[in-house]
Amino acid sequence: QVQLVESGGGLVQTGGSLRLSCAASGHTFSRSAIGWFRQAPGKGREFVAAISWTGGATTYADSVKGRFTISRANAKNTVYLQMNSLKPEDTAVYYCAQGCLYCTGSSYSNEYDAWGQGTQVTVSS
């Protein structure tokens, strides 16, 4: 059974940076696409970024393109989300999720079948 644990969230000022980590147990993580999603208060879950199982392909939401970078270290069973130039509208609970084996990653939440508990990111203005 896959377990995902996010960490690295916190409170930061506008323009600041944070690096989120998603650590996984299980034998399939390193062969699976991984996505980051977020949910702000009163809003639905929103796609942020995804990375292929090899790390060779990435995709981003337009709202974070150029500011966020997703990467992975399969030897550590960990995926990262480097967030720079943070804005108040980035405030949300951030979740990582495991998708299909040998896939490139998707922006659709229903293509992910294991989710972490989330980590809070708050950006103050």
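The structure we're discussing is the one just above.
This is a predicted model, so every value here is computed, not measured.

*Asks:* Account for the pattern of salt bridges, naming residues and giving values.
*Replies:* Going through the model one piece at a time under the given rule, you end up with four salt bridges. Taking the shortest distance from any N to any O, the salt bridge between Glu46 and Arg38 comes out at 2.8 Å. You can call Arg38 buried: its relative accessible area is 5%. Here Asp62 makes a salt bridge to Lys65, at a shortest N to O gap of 3.1 Å. Asp62 sits in the exposed class, given a relative accessible area of 67%. A single salt-bridge network, built from bridges that share partners, covers Arg38, Glu46, Arg67 and Asp90.

*Asks:* Could you give an account of the state of the cysteines, with specific residues and numbers?
*Replies:* Counted under the stated rule, the structure contains two disulfides. One disulfide in the model links Cys22 with Cys96; its S-S distance is 2.1 Å. With the S-S dihedral at roughly 70°, the linkage between Cys22 and Cys96 falls on the right-handed side. With Cys22 in strand β3 (residues 18-25) and Cys96 in strand β9 (residues 92-101), this pair connects stretches of sequence that are 74 residues apart.

*Asks:* Please set out a nonpolar patch on the surface residue by residue, giving values where relevant.
*Replies:* Judged by side-chain polarity, Trp53, Leu101 and Tyr102 come together as a nonpolar surface patch covering roughly 290 Å² of accessible area. Structurally, the position occupied by Trp53 is in the loop between β5 (45-51) and β6 (58-60). Under the relative-accessibility criterion, Trp53 is labelled partly exposed at 31%.

*Asks:* Explain the packing of aromatic side chains to me, and be specific about the residues and the numbers.
*Replies:* Following the criterion strictly, the structure yields five aromatic pairs and no others. Taking the centre distance of 5.3 Å and the plane angle of 75° together, the rings of Phe37 and Tyr112 count as edge-to-face. Remark: Tyr112 occurs in the loop between β9 and β10 (114-115) and Phe37 occurs in strand β4 (residues 32-39); sequence separation between them is 75 residues. One exposure class covers both Phe37 and Tyr112, and it is buried. Members of the aromatic cluster, each reached through a chain of ring pairs, are Phe37, Phe47, Tyr112 and Trp115. The positively charged end of Arg45 is found above the aromatic ring belonging to Tyr95, 4.1 Å away from the centroid.

Rules behind the numbers
Residues numbered from 1 in each chain as written. Predicted model: local features only at pLDDT ≥ 70, side-chain atom pairs only at ≥ 80, totals over all residues. Heavy atoms only, no water. Salt bridge = Lys/Arg side-chain N within 4 Å of Asp/Glu carboxyl O. Buried < 20%, exposed > 50% of the residue type's maximum accessible area, 1.4 Å probe, protein only. Disulfide = S-S within 2.5 Å. Helix = DSSP H or I, 4+ residues; strand = E, 2+ residues; numbered from the N terminus. Patch = residues over 30% accessible without salt bridge, like charges linked within 9 Å, V, L, I, M, F, W, Y side chains within 5 Å. Areas by Shrake-Rupley, 256 points an atom, 1.4 Å probe, with all protein chains shown as cover. Phe/Tyr/Trp six-rings, centres within 6.5 Å; stacked < 30°, edge-to-face > 60°. Lys NZ or Arg CZ within 6 Å of the ring centre and 35° of its normal.

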